[in-house]
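# Reading the structure
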Amino acid sequence: MTAARSVFVVTDIRPLRRGIFSVTFDAPELAVSAEPGQFVHIKCGRSRPLRRPFGISDASGDKLTVVFEVRGEGTKWLAASEPGRRVDINGPLGHGFSSVVGDILIAGGGLGAAPMLFAARRARGRAVAVLGFRGAASAILTEEFESACENIFVTTDDGSLGLRGTASLPLGELLKTGRYSAVLACGPRAMLRAVAELSERAGVRCEVSLEERMGCGVGACLVCACRTKKDGADKMSRVCFDGPVFDSREVVW
Amino acid sequence: MSVDTRVTFAGVEFKNPVVTASGTFGFGREYSKYYSLSELGGVCTKGLTVRARLGNPPPRMAETPMGMLNSVGLQNPGVDEFIKTELPFMRGFDTRVIANIAGETIEEYAELAEKLSGAGVDMIEVNVSCPNVKAGGMQFGVTASSVAAVTRETRRRSRVPIMLKLSPNVTDIAETARAAEGEGADAISLMNTLLGMRIDIKTRRPLLANNTGGLSGAAVFPVAVRMVWQARGAVKLPILGMGGISTGEDAVEMLLAGASLVGVGTASFSRPGAALSVRDGIAAYMREYGVGSVSELTGKVEIF
């Protein structure tokens, strides 16, 4: 029923890029049950009334890690953490990717690459990752993906790192091989839509991790709505509870 | 000392004065993973309508200083689905079930009241104050004559006590409170959210797809206390007071202003156990100040 404990200690915090941080907590209760695609809901100090959702970018042993960009007061507070700080965390929350087994393609766009690292690690070397960034200066976690995956492809909008263009380019080519059983993706909505269309055209199952402003994070308040369809009928799903990961065929783009 | 937290409210006995506010607690399923709903005085359902509603397009929420705006727009599965799948779940707990209803017409309000009172809810909260729907909602809550008309029809068709949830978006809360009392309401609850708006200055677009939304959270608490106090002075009906309560101290303040029950809403979003800490905080206050029964606090503010 009630979580045994909701306050966890920061063990490590480091900047990945300007304004982007990776923070690790000593949180065995959270790490043990965390699944790729799930998130944690963090109380970022007392001054903000609501918690902030963060996709889990790794969970192993006693440690749980999230990667985030400083966007406002809450994330600024979290970025100012030092090892030893006690942080109130609710989670792991939501429904993650249904399966990370077999030959899978992982697509991550921008900051959306971070939670995909958790999926890549759980795929135990059988995943191929396609990561898209604005430019070399905003690329994150590429070394970690390289060691976790069978192969990785990086694209940047300006060509400053890897291939010039969007993640769709290498993804389309990889899908043509017919080797992959699923595509798992997290990133900007336009990218997810493109990934979903490519996958559907190739007849490959695709799961996308969506984002929406959240209130409660547990499915009660209905503010993080996204339109979905199932069996021909439209409905409003809750990103925090029904998602954040959805079968791409159910999303109404 | 032992304290008595029971409250008899419009003839219904509540084991403690804490009720979760409509729209912040679903039908209790989500928060029942954090604590047993039997710990609560009551649970108030998400607003129910005759037919299922998808609600408003996202984004539906914007955080504000110590509060939040929402424009959910009464997303719910419809009254029949509620009776079939949600009510039996809620009935599995030893807590009072208050069904919140919203009609697009007076006849819909009456139909909802009749159906739900026959299905076994303990009380009906008549939502004439939702700021996020085009038809119905607040439109019925801002004039005394429409509050009177909705009260009259729902009272006539309901077999259980009815409570009018009043809108703060009025000039004089006493007027709408009296209108409810005049047509036989058994109780009133207040307040619903305050109509608000935020704008993104980079894009010059509102932060909510519905443009405006309802403000809740600690930011609105003083307004709610004032309105409960004013309503208490205007009518003899028992009052469920809510709006920004997040601690036991807040709840005691609301009781002193004139409430008999208190609602906890937005506070649950940041602390899933907020309603229970409010309940425990009230009891702690009672012990500290030698208050034997929680009802002794209602309306006991000593006005200057």
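Below you will find a few notes about this structure. Bear in mind that the values here come from a model prediction, so they are computed numbers and not experimental data.

What counts, and where the lines are drawn
Residues numbered from 1 in each chain as written. Chains lettered and ligands numbered in written order. Predicted model: local features only at pLDDT ≥ 70, side-chain atom pairs only at ≥ 80, totals over all residues. Heavy atoms only, no water. Helix = DSSP H or I, 4+ residues; strand = E, 2+ residues; numbered from the N terminus. Buried < 20%, exposed > 50% of the residue type's maximum accessible area, 1.4 Å probe, protein only. Contact = heavy atoms within 4.5 Å. Buried area = accessible area lost by both parts, 1.4 Å probe. Salt bridge = Lys/Arg side-chain N within 4 Å of Asp/Glu carboxyl O. Polar contact = N/O pair within 3.5 Å; in protein donor to acceptor, adjacent residues only side chain to side chain. Pairing = 2+ DSSP bridges. Axes fitted to C-alpha atoms, helices over the stretch in contact; angles between N-to-C directions. Core = buried A, V, L, I, M, F, W, Y, C linked by side-chain atoms within 4.5 Å. 1 Å grid on protein atoms, 1.4 Å probe; cavity = no way out; pocket = protein on both sides within 12 Å on 5 of 7 lines; lining within 4 Å. Points joined across faces, edges and corners; volume = space filled by probe spheres on them. Nonpolar A, V, L, I, M, F, W, Y, C, P; charged D, E, K, R; others polar. Parallel < 35°, antiparallel > 145°, perpendicular 65-115°, else oblique. Left-handed = near helix turned anticlockwise from the far one by under 90°.

All names here are of chain A. Note on placement: Met-116 falls in helix H3 (residues 113–122). Looking at Met-116, the relative accessible area reads 0%, which means it is buried. Put simply, Met-116 and Leu-184 are 68 residues apart on the chain and 8.0 Å apart in space, counted from C-alpha to C-alpha. The contacts of Met-116, once residues within four sequence positions are left out, are Phe-97, Ile-106, Ala-107, Gly-108, Phe-145, Leu-184, Ala-185 and Cys-186.

Let us look at the interface of chain B and chain A. Counting residues at the interface gives 33 residues for chain B, matched by 30 residues for chain A. For the pair chain B and chain A, the two sides together bury roughly 2600 Å², of which 59% comes from carbon and sulfur. Contact with chain A buries area across many residues of chain B, yet Tyr-34, Met-61 and Glu-63 of chain B alone supply 24% of it, more than any other trio. If you look at where chain B meets chain A, you find three salt bridges. A salt bridge links Arg-238 of chain A to Glu-30 of chain B, with the nearest nitrogen and oxygen atoms 2.9 Å apart. Joining chain B to chain A, the criterion identifies eleven residue pairs in polar contact (both at pLDDT 80 or more). Contributions of two or more residues to the side of chain B that touches chain A are made by strand S5 (61–64), strand S6 (67–70) and helix H7 (267–270) of chain B.

Residue and element names in this part refer to chain A. Taken in spatial order, the six strands close into a barrel running S1-S2-S5-S4-S3-S6, and their pairing is antiparallel. Each strand axis lies, on average, 45 degrees off the axis of its neighbour in the sheet, ignoring direction. Across seven bridges, strand S2 (residues 20–26) lies against strand S5 (residues 63–69) in antiparallel orientation. Its bridge partner lying in S5, Val-23 is registered against Val-66. Lying over the sheet, H3 contacts strand S4 (52–60) and S5, oriented at roughly 25 degrees with respect to S4.

Scanning the entire structure with this criterion turns up 36 salt bridges over all chains. For Arg-179 of chain A, the salt bridge goes to Glu-150 of chain A, with nearest N and O atoms at 2.9 Å. Taken together, the residues Arg-179 of chain A in the loop between helix H5 (168–176) and strand S11 (182–186) and Glu-150 of chain A in the loop between helix H4 (142–148) and strand S9 (151–156) connect sequence positions 29 residues apart. A relative accessible area of 45% means that Glu-150 of chain A is categorised as partly exposed. Here Asp-122 of chain B makes a salt bridge to Arg-96 of chain B, at a shortest N to O gap of 3.1 Å. Remark: Arg-96 of chain B occurs in strand S7 (residues 96–101) and Asp-122 of chain B occurs in the loop between helix H2 (106–119) and strand S8 (123–127); sequence separation between them is 26 residues. Accessibility expressed as a relative area gives 27% for Arg-96 of chain B, which makes it partly exposed. One network of salt bridges, in which partners are shared, links Asp-103, Arg-126, Glu-150 and Arg-179 of chain A.

Time to look at the nonpolar core. Formed by 130 residues in total, the largest nonpolar core has its most connected members in Leu-164, Ile-188, Leu-190 and Ile-282 of chain B. The element contributing the most residues to this core is helix H5 (residues 221–234) of chain B, with seven residues. The residues contacting Ile-188 of chain B, other than those within four sequence positions of it, are Phe-9, Met-163, Leu-164, Leu-166, Ala-177, Ala-180, Ala-231, Val-235, Leu-237, Pro-238, Ile-239 and Leu-240 of chain B. Counting residues in each nonpolar core, the second largest holds 29 residues, with Val-67, Val-100, Ala-114 and Val-245 of chain A among its members.

What follows is about the layout of surface pockets. Taken as a whole, the second largest pocket spans an internal volume of roughly 970 Å³. For the lining of the second largest pocket, the secondary-structure elements that each account for two or more residues are strand S6 (86–93) of chain A together with S6, strand S14 (213–216), strand S16 (261–264) and H7 of chain B. By residue class, the composition of the lining of the second largest pocket is 22 nonpolar, 21 polar and seven charged.

Residue and element names in this part refer to chain B. The geometry of H5 relative to helix H6 (residues 248–257) is characterised by a closest axis approach of 8 Å and an angle of 25 degrees between their N-to-C directions. The pairing of H5 with H6 is recorded here as roughly parallel in orientation. The chirality of how H5 crosses H6 is right-handed. Across the interface between the two elements, Phe-221, Ala-224, Val-225, Val-228, Trp-229 and Arg-232 of H5 pack against Asp-250, Glu-253, Met-254 and Ala-257 of H6. Per-class residue counts for the contact of H5 with H6 are seven nonpolar, no polar and three charged.

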